[in-house]
Amino acid sequence: MKLARIPLHWLILTGMAAGMLFGVVAVNLGWHEFTKDWISPWGTIFINLLKLIAIPLIIVSLINGISGLNDVSRLSRIGLKTVGLYLLTTVIAVSTGLVVVNITNPGTYLSAEKSAEFRENYTGNAVQNLSQPEAGPLQFVIDIVPDNLFKAMTSNASMLQVIFFSLLFGVAVILIPPQKTLIVRNLFESLNEIVMQMIHLIMKMAPLGVFALMAGLTTQLAGTNPADTLQIFGTLGIYALTVVIGLFVVIFGIYPVFIRIFARLPVKKFFKGIAPAQLLAFSTSSSAATLPVTMECCEENLGLRKEVTGFVLPLGATVNMDGTSLYQAVAAVFLAQIYGMDLTFGQQLTIILTATLASIGSAAVPGAGMIMLVIVLNSVGVPTEGIALIFAVDRPLDMLRTVVNVTGDTVVASIINRTESIP
Ligand code: ASP
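Heads up: these notes are all about the structure in this document. (Residues numbered from 1 in each chain as written. Predicted model: local features only at pLDDT ≥ 70, side-chain atom pairs only at ≥ 80, totals over all residues. Heavy atoms only, no water.)

1. Description of the site of the ligand
- The full set close to the ligand counts 16 residues, and Ser 287, Thr 324, Gly 369, Asp 398 and Arg 401 are the nearest of them.
- Within the side chain of Thr 324, one N or O atom sits 2.6 Å away from an oxygen atom of the ligand.
- Protein burial of the ligand: of its 270 Å² of free accessible surface, 100% is covered by the chains.
- When contributions to the shell around the ligand are tallied by element, the ones reaching two or more residues are α18 (368-380) and α19 (387-419).
- Broken down by element, the residue count for the shell around the ligand peaks at four residues, all from α19.
- Residues of the shell around the ligand, tallied by class, amount to six nonpolar, eight polar and two charged. (Near = heavy atom within 4 Å. Polar contact = N/O pair within 3.5 Å; in protein donor to acceptor, adjacent residues only side chain to side chain. Areas by Shrake-Rupley, 256 points an atom, 1.4 Å probe, with all protein chains shown as cover. Helix = DSSP H or I, 4+ residues; strand = E, 2+ residues; numbered from the N terminus. Nonpolar A, V, L, I, M, F, W, Y, C, P; charged D, E, K, R; others polar.)

Right, dumping it as structure tokens:
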């Protein structure tokens with residue numbers, strides 16, 4: 001069979017499995033340096049390519065998507081509905097996380113002495129770089145509005161700012177009579193085609209890129225000294241399991257309901273269609289890097305309209321992070337338990353609010369959710385130093401929560417696609 005005919009997700013899956021296998025062999029044969037010097041760079045190159053295309057993709061697809069909506073009232077209806085659904089799914093995800101963590105109580109598995117020992121060990125390190133200067137409650141709104149477009153475009157962490165500009169630009173386009181904006185509309189339409197084609201080319205490298213990423217990750221994880229984490233391994237394991245259970249509940253318990261009832265899509269077809277995006281989310285830990293593939297899957301495999309995906313998905317990649325918000329809620333309760341704090345119902349409600357906001361503010365890149373966790377912890381008075389404890393297991397959880405983040409975006413896109421007719 002020609003390689004080109006094998007579906008992409010199978011190639012990616014094979015790349016992942018081969019990468020892990022290679023990693024295990026490399027660890028046993030002591031090929032750490034070789035893997036670092038000759039294999040991992042291909043993973044970095046692949047991620048760089050995906051990140052490279054992210055900003056042009058957001059600008060072009062959002063402007064193109066909005067100008068395709070043709071009138072402002074339609075835009076505001078779809079916009080409100082999209083944001084409403086994003087908020088709803090996020091709140092459901094955080095609440096799911098809270099329910100699960102209140103059942104498993106992972107932080108209570110550490111004995112009192114170990115807990116005290118941990119508090120001593122994990123005070124005031126690592127997190128210093130993570131915590132941000134004192135910010136007012138509206139700082140996250142200020143951060144969305146760029147003071148300089150070009151500065152915003154130079155950082156993948158400022159995607160929300162680029163989105164803001166693109167939304168404003170798109171709205172301006174549809175407020176002006178079509179004959180006056182024809183050139184710009186046509187320009188963005190062809191730019192859109194070109195960017196899509198670039199993504200197509202980049203994706204040809206996906207199996208190799210994913211192979212390299214997994215090989216690098218496996219050797220790296222095996223290379224770290226497990227002695228530090230061994231004593232708290234059980235507790236961390238239960239914490240990780242709690243996050244995983246929560247994510248599973250969302251992806252296999254809650255999303256299918258939305259898919260069946262609101263998007264009216266066969267659940268199997270849905271999951272099969274977005275599998276390449278999910279696999280890529282898993283291996284890159286970045287919704288932004290996955291965005292091009294998410295769009296391709298939704299358009300080609302699920303048949304969603306370009307106007308919908310062009311608007312809903314870029315927005316979702318940065319603001320809708322169901323997996324991240326769930327993880328933040330579980331992590332906050334876990335760390336509170338480790339520090340011997342009993343969170344009241346009111347504090348848990350605060351977690352729902354702050355985890356929702358923090359996940360909106362998290363950049364769609366690896367580890368961002370953990371950085372924004374600082375905000376959630378601060379809101380309920382849990383010492384932020386505790387984040388050092390969950391460092392060890394963050395990467396695998398990041399991989400999984402990114403899958404949920406991406407899936408959540410596609411769920412909402414499918415619902416908008418069915419419920420909104422855009423001529
Ligand atoms: N890696 C996640 C994403 O890109 C964000 C996070 O939770 O760290 O969706």
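From this point, things continue past the structure.
2. Observations regarding empty space enclosed by the protein
- Across all of its chains, the model carries one cavity of 30 Å³ or more by this definition.
- There is about 60 Å³ of room inside the largest cavity.
- In terms of lining residues, the largest cavity is bounded by 14 residues, among which Thr 324, Val 365, Asp 398, Thr 402 and Asn 405 are the most central.
- Those elements that place two or more of their residues in the lining of the largest cavity are α18 and α19. (1 Å grid on protein atoms, 1.4 Å probe; cavity = no way out; pocket = protein on both sides within 12 Å on 5 of 7 lines; lining within 4 Å. Points joined across faces, edges and corners; volume = space filled by probe spheres on them.)

3. Section: the packing of helix α2 (residues 32-67) against helix α15 (residues 306-319)
- Where α2 meets α15, the closest approach of the two axes is 8 Å, and the angle between their N-to-C directions is 130 degrees. What the angle tells us is that α2 and α15 run oblique. Once α2 is placed against α15, the crossing between them reads as left-handed. Seen from α2, the contacting residues are Ile 58, Ser 61, Leu 62, Gly 65 and Ile 66; seen from α15, they are Glu 307, Gly 310, Phe 311 and Pro 314.
- Of the residues that constitute the contact of α2 with α15, the class distribution is five nonpolar, three polar and one charged. (Axes fitted to C-alpha atoms, helices over the stretch in contact; angles between N-to-C directions. Parallel < 35°, antiparallel > 145°, perpendicular 65-115°, else oblique. Left-handed = near helix turned anticlockwise from the far one by under 90°. Contact = heavy atoms within 4.5 Å.)

4. Remarks on helix α16 (residues 322-338)
- Its 17 residues give α16 an end-to-end C-alpha distance of 24 Å, which sits within 8% of 24 Å, the value for a rise of 1.5 Å per residue.
- Of all 17 residues that make up α16, 17 are buried, and the element is covered over most of its length.
- Downstream of α16 by a residue or two, Gly 340 has a phi angle that is positive, lying close to 70 degrees. (Expected span 1.5 Å × (residues − 1). Buried < 20%, exposed > 50% of the residue type's maximum accessible area, 1.4 Å probe, protein only.)

5. Thoughts on the pattern of salt bridges
- Across all of its chains, the model carries five salt bridges by this definition.
- Glu 420 is paired through a salt bridge with Lys 81; the nearest N and O atoms lie 3.1 Å apart. A residue pair is termed long-range when its members are at least 10 positions apart, and Glu 420 in the segment after α19 and Lys 81 in helix α3 (residues 72-104) qualify at 339 residues.
- With a relative accessible area of 5%, Glu 420 lands in the buried category.
- Using a relative accessible area of 28% as the deciding quantity, one classes Lys 81 as partly exposed.
- Of the charged contacts in the structure, one is a salt bridge between Arg 401 and Asp 398, with a shortest N-O distance of 3.4 Å. Separated by three residues within a single helix, Arg 401 and Asp 398 lie in helix α19, roughly one turn from each other. In this structure, Arg 401 and Asp 398 share a single accessibility class: buried. (Salt bridge = Lys/Arg side-chain N within 4 Å of Asp/Glu carboxyl O.)

6. Comments concerning the environment of Ser 166
- Looking at where Ser 166 falls in the secondary structure, it is placed in helix α8 (residues 159-175).
- The sequence separation of Ser 166 and Ile 58 amounts to 108 residues, and the corresponding C-alpha distance is 7.9 Å.
- Beyond its immediate chain neighbours, meaning those up to four positions away, Ser 166 contacts Ile 58, Ile 59, Leu 62, Ile 63 and Ile 66.

7. Remarks on the nonpolar core
- Phe 46, Met 203, Tyr 239, Ile 351 and Ile 390 are the most contacted members of the largest nonpolar core, which has 121 residues in total.
- Sort the elements by how many residues they give to this core and α19 lands first, with 14 residues.
- Each residue touching Ile 390, except ones within four places of it in the same chain, is listed here: Leu 236, Tyr 239, Tyr 327, Ala 331, Phe 334, Leu 335 and Leu 373.
- Among the nonpolar cores identified, the runner-up in size contains six residues, and Ala 26, Ile 39, Phe 211 and Ala 212 belong to it. (Core = buried A, V, L, I, M, F, W, Y, C linked by side-chain atoms within 4.5 Å.)

8. Some details on a nonpolar patch on the surface
- Taken together, the side chains of Val 25, Leu 29, Trp 31, Phe 34 and Trp 38 present a nonpolar region at the surface, about 530 Å² in accessible area.
- Within the element layout of this structure, Phe 34 appears in helix α2.
- Classification of Phe 34 as partly exposed rests on a relative accessible area of 41%. (Patch = residues over 30% accessible without salt bridge, like charges linked within 9 Å, V, L, I, M, F, W, Y side chains within 5 Å.)

9. Examining the packing of aromatic side chains
- On inspection of all chains with the given rule, the structure shows 10 aromatic pairs.
- Judged by centre distance (5.7 Å) and plane angle (65 degrees), the rings of Phe 22 and Phe 211 are edge-to-face. Placement of Phe 22 in helix α1 (residues 8-29) and of Phe 211 in helix α10 (residues 206-223) is noted, with a sequence separation of 189 residues between them. Exposure class is identical for Phe 22 and Phe 211. Each is buried.
- Above the face of the Tyr 327 ring, Arg 401 is positioned so that its terminal group lies 3.9 Å from the ring centre. (Phe/Tyr/Trp six-rings, centres within 6.5 Å; stacked < 30°, edge-to-face > 60°. Lys NZ or Arg CZ within 6 Å of the ring centre and 35° of its normal.)

10. Quick word on unusual backbone geometry
- Although it is not a glycine, Asn 105 sits at a positive phi angle of roughly 45 degrees.
- Positionally, Asn 105 belongs in the loop between α3 and α4 (112-121).
- Overall, Asn 105 belongs to the partly exposed group, its relative accessible area being 25%.
- Phi is positive for Arg 264, which is not a glycine, with a value near 50 degrees.
- Following the sequence through the fold, Arg 264 ends up in the loop between α12 (233-262) and α13 (267-284).
- A relative accessible area of 55% places Arg 264 in the exposed class.

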